[in-house]
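Now for the letters of each chain:
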Amino acid sequence: MSTWANLGLQDSASPLMEQLIFFHDHALLILVMITVLVGYLMFMLFFNSYINRFLLHGQLIEMIWTILPAIILLFIAMPSLRLLYLLDEINEPSITLKSIGHQWYWSYEYSDFNNIEFDSYMIPTNELSNDGFRLLDVDNRIVLPMNSQIRILVTAADVIHSWTVPALGVKVDGTPGRLNQTNFFINRPGLFYGQCSEICGANHSFMPIVIESVPVNYFIKWISNTVNL
Ligand code: CUA
């Protein structure tokens, strides 16, 4: 999760988020180069003296400063499109998790396992334990196996919500009457936190997401215990 003074992106927990971070750094590098060049030119303008009294046009420089930015934009557009289609790819998921947004909590369904379903509410500050994260921890976490492809289906029951977990690079809107799909692959164990990121009403800030990533055999234990409840 994000902690104090963490201004960049969170460490990735999935290959797609890793790619998103690479793309972010690539775009930022180009942005810095453009800013430095334009900044230098603007600064140097203050010391300019008009020495070409009859200069009205310059075909060559016009060509250069039209085509060059277009080529620079291509260097951003091509990796961007690659990533866009990569995010959309579904790679034979082993399990499917369905996530339904409500005002103001998430509910989850494991449709592959006797349709296990449960609600996931934020733990209020006055009920929080000392090691809990305020406004971020929930009563029932999503347990998912690491190192496996997971499909997530997102929808909502009332207004638009958004199921967003930064460490996994997942951000999908839940819209009433629609079923959105994406997938991810968690490559390490841990707790991954997320929040709703669609302005969905008064308690929008209070419907966090917690994913507990565990090894596959632990997940099987958990799911069989839950089925037998
Ligand atoms: Cu649900 Cu914002």
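What you are looking at is a predicted structure, and each value in this text was computed from that prediction instead of being measured.

Trainee: How should the UniProt feature "transmembrane region" (unreviewed entry) in the protein be read in this particular structure?
Mentor: In this structure's numbering, the residues bearing the UniProt feature "transmembrane region" (unreviewed entry) are residues 27-51 and 63-87. Taken end to end, residues 27-51 is 76% helix and 0% strand, and its two terminal C-alpha atoms sit 38 Å from one another. When the span residues 63-87 is considered, its composition is 100% helix and 0% strand, and the gap between its end C-alpha atoms is 36 Å.

Trainee: Would you explain the sheet that holds strand S4 (residues 142-145) in this entry?
Mentor: Adjacent strands of a sheet pair through backbone hydrogen bonds, lying either parallel or antiparallel. Within the open sheet, the five strands sit side by side as S4-S10-S9-S6-S7. Their pairing is mixed. The open sheet is flanked by S4 and strand S7 (170-174), the only strands paired with a single partner. Each neighbouring strand pair of the sheet contributes to a mean axis angle of 25°, computed without reference to strand direction. Of the strand pairs in this sheet, S4 and strand S10 (residues 209-214) are connected by four bridges, and their pairing is parallel. Bridged to Leu144 within S10 is Ser213. Relative to S4, helix H3 (residues 216-227) is tilted by about 135°, and along the sheet it contacts S4 and S10.

Trainee: Is there a simple way to think about the UniProt feature "domain: Cytochrome oxidase subunit II transmembrane region profile" (unreviewed entry) in the protein in this case?
Mentor: According to UniProt, the "domain: Cytochrome oxidase subunit II transmembrane region profile" (unreviewed entry) feature falls on residues 1-91. Secondary structure over residues 1-91 splits into 67% helix and 0% strand, and the C-alpha atoms at its two ends are 26 Å apart.

Rules behind the numbers
- Residues numbered from 1 in each chain as written.
- Predicted model: local features only at pLDDT ≥ 70, side-chain atom pairs only at ≥ 80, totals over all residues.
- Heavy atoms only, no water.
- UniProt positions renumbered as here; feature names shortened; annotations may be inferred.
- Helix = DSSP H or I, 4+ residues; strand = E, 2+ residues; numbered from the N terminus.
- Pairing = 2+ DSSP bridges.
- Axes fitted to C-alpha atoms, helices over the stretch in contact; angles between N-to-C directions.
- Contact = heavy atoms within 4.5 Å.

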